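# Residue-level structural notes
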Amino acid sequence: MPDPRTAWRVVTAMFILNGALFGIWASRIPAVAVRFNLSPADLGGLLLLLAAGAIASFPLAGRFADRVGAAKVTRKVAIAYVGALFLIAIAPTNLALAAALFLFGATHGGMDVAMNVWAAEAERHIGRPVMSSFHAMFSLGAGLGAGSGFVAETYDIGITPHFIIAATVAAAITLTSARAEWISDVRETGPAGPIFRLPKGPLFAVGFIAFCSSLGEGAMADWSAIFLVHSSGATEAQAALGYTVFSIAMVVMRLLGDGITLRVGAVGAARLAGSVATVGVLCAVGFGTFGMALTGFFLMGVGYAMIMPLAFSRAANDPHVSPGAALAAVSTLGYGGLLLGPPVIGFLAEATSLRVAFLFLAFLAVMIVLLSKKISMQDTRKTSP
């Protein structure tokens, strides 16, 4: 096994790549909508396919991570994830775009589960809390990917060359950095059961907290740019900054997250996070200016930052369920929210308005505050995913 510093570096590289590819996609959604002449409902439907791909991949990735090894699964799925972004870039029709988005969601979700199992292994190997810092690197990657979209919009670079060049550069750097020997924990998961399982008992509450946070993250990824254009009169280039500001806040807070959790505890950290996210949503929706919307997005990033690391660390260390199975089950709710958020906001916006749709995120942030006690590791009664 590598030394602790190398262990942190190789897992970090995978989190950066995952975030970067998603950020590249998210930053150009307005341009994709224009290219294919998509209404909010049309875009919501396509994003629902992306969500379906991810949800389908969660249990499979968890099962393979347990049986084959998280490191091996993460690296292989990462290559397929890059290829899926290429397919989005060259999609000639709406049908081809739909198929590419389903594959993009499946590879994104599969890599997410596998790399978080790997991250839990690395955290145990390092011997101190580092999960929040890994998720900070996902946000850093997402911010860099979104920043590439801002550059592409500013210099009028098309979607196809942008996606292919940016993804190739990101993959070359991160996959090279992740080259190190790693012996993953491998375990027999028992007789085959249903592929799709929701978490039960305490893990269900953990998964629902993750759902409330990640639905907001997903909404920000796919709708922040469009929100700024329609609600504050921002240009497309300015609108690309929305997700960048959000991601920067996520990075900063996640870098601080392990220390905050040690100081106030997991429950206190979750309660604080939900409260700040609520204020952020209200700030973004309540004022019609570009500056106040960006302020709200920043506060939302601060609020959402620690929830997924807390939830995933709690799930990966459950004493009764294997890490792959526990993370897959929690991810079904957690990252299901990340990917279901965009279509939900799209359908709500079609029925009401985008600003009203964003208020739904405030309701979910309040739910995080109300359920924050469930994130504690003290509640470890026997559960099954």
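Scroll up to find the structure this text is about.
We now turn to the structure provided with this report.

Rules used in this analysis
- Residues numbered from 1 in each chain as written.
- Predicted model: local features only at pLDDT ≥ 70, side-chain atom pairs only at ≥ 80, totals over all residues.
- Heavy atoms only, no water.
- Helix = DSSP H or I, 4+ residues; strand = E, 2+ residues; numbered from the N terminus.
- Rg over C-alpha atoms; globule rule 2.2 N^0.38 Å.
- Buried < 20%, exposed > 50% of the residue type's maximum accessible area, 1.4 Å probe, protein only.
- Areas by Shrake-Rupley, 256 points an atom, 1.4 Å probe, with all protein chains shown as cover.
- 1 Å grid on protein atoms, 1.4 Å probe; cavity = no way out; pocket = protein on both sides within 12 Å on 5 of 7 lines; lining within 4 Å.
- Points joined across faces, edges and corners; volume = space filled by probe spheres on them.
- Nonpolar A, V, L, I, M, F, W, Y, C, P; charged D, E, K, R; others polar.
- Axes fitted to C-alpha atoms, helices over the stretch in contact; angles between N-to-C directions.
- Parallel < 35°, antiparallel > 145°, perpendicular 65-115°, else oblique.
- Contact = heavy atoms within 4.5 Å.
- Patch = residues over 30% accessible without salt bridge, like charges linked within 9 Å, V, L, I, M, F, W, Y side chains within 5 Å.
- Salt bridge = Lys/Arg side-chain N within 4 Å of Asp/Glu carboxyl O.
- Phe/Tyr/Trp six-rings, centres within 6.5 Å; stacked < 30°, edge-to-face > 60°.

### Brief notes about the overall build of the chain
- Assigned secondary structure in the chain consists of 13 helices and zero strands.
- Listing every helix and strand of the chain by position from the N terminus yields α-α-α-α-α-α-α-α-α-α-α-α-α.
- A compact globule built from 385 residues would reach a C-alpha radius of gyration of about 21 Å, and the chain, at 19 Å, matches this within 12%.
- Its C-alpha atoms give the chain principal-axis dimensions of about 50 × 40 × 40 Å.
- Sorting the 385 residues of the chain into buried and exposed places 58% on the buried side.
- Only carbon and sulfur atoms are counted for the fraction: they give 69% of the accessible area of the chain, which is about 14300 Å².

### Describing empty space enclosed by the protein
- For the coordinates displayed, the defined rule picks out two cavities of 30 Å³ or more.
- When its volume is computed, the largest cavity comes out at roughly 60 Å³.
- Taken together, Phe22, Phe138, Ser139, Ala142, Glu217, Tyr243, Phe246, Ser247, Met250, Arg254 and Leu338 form the lining of the largest cavity.
- Of all the elements, helix α9 (residues 236-286) adds the most residues to the lining of the largest cavity, at five residues.
- Broken down by class, the residue content of the lining of the largest cavity amounts to seven nonpolar, two polar and two charged.
- Empty space within the second largest cavity amounts to approximately 40 Å³.

### As for the packing of α9 against helix α11 (residues 307-316)
- As a packed pair, α9 and α11 sit with axes 10 Å apart at the nearest point and diverge in direction by 85°. Between α9 and α11, the angle falls in the class roughly perpendicular. Across the interface between the two elements, Arg254, Thr261, Ala266, Ala269, Ala270 and Ala273 of α9 pack against Ile307, Met308, Pro309 and Leu310 of α11.
- The residue inventory of the contact of α9 with α11, partitioned by class, reads eight nonpolar, one polar and one charged.

### Regarding a nonpolar patch on the surface
- On the surface, Leu87, Ile90, Leu103 and Ile164 cluster together into a nonpolar patch covering about 310 Å² of accessible area.
- Along the chain, the position of leucine 103 falls in helix α5 (residues 94-126).
- On the basis of relative accessibility, which here comes to 36%, the residue leucine 103 falls in the partly exposed class.

### Digging into the side chain of serine 57
- Looking at the secondary structure, you find serine 57 in helix α3 (residues 40-67).
- Ignoring sequence-local partners within four residues, the contact set of serine 57 consists of Gly105, Ala106, Gly109 and Gly110.

### Some thoughts on the packing of aromatic side chains
- Following the criterion strictly, the structure yields eleven aromatic pairs and no others.
- Summarising the aromatic geometry, the rings of phenylalanine 15 and phenylalanine 134 are spaced 5.6 Å apart at their centres and angled 20° between planes, so their arrangement reads as stacked. Linking phenylalanine 15 in helix α1 (residues 4-27) with phenylalanine 134 in helix α6 (residues 131-154), this pair joins segments that are 119 residues apart in sequence. Of the two residues, phenylalanine 15 and phenylalanine 134, both sit in the buried class.

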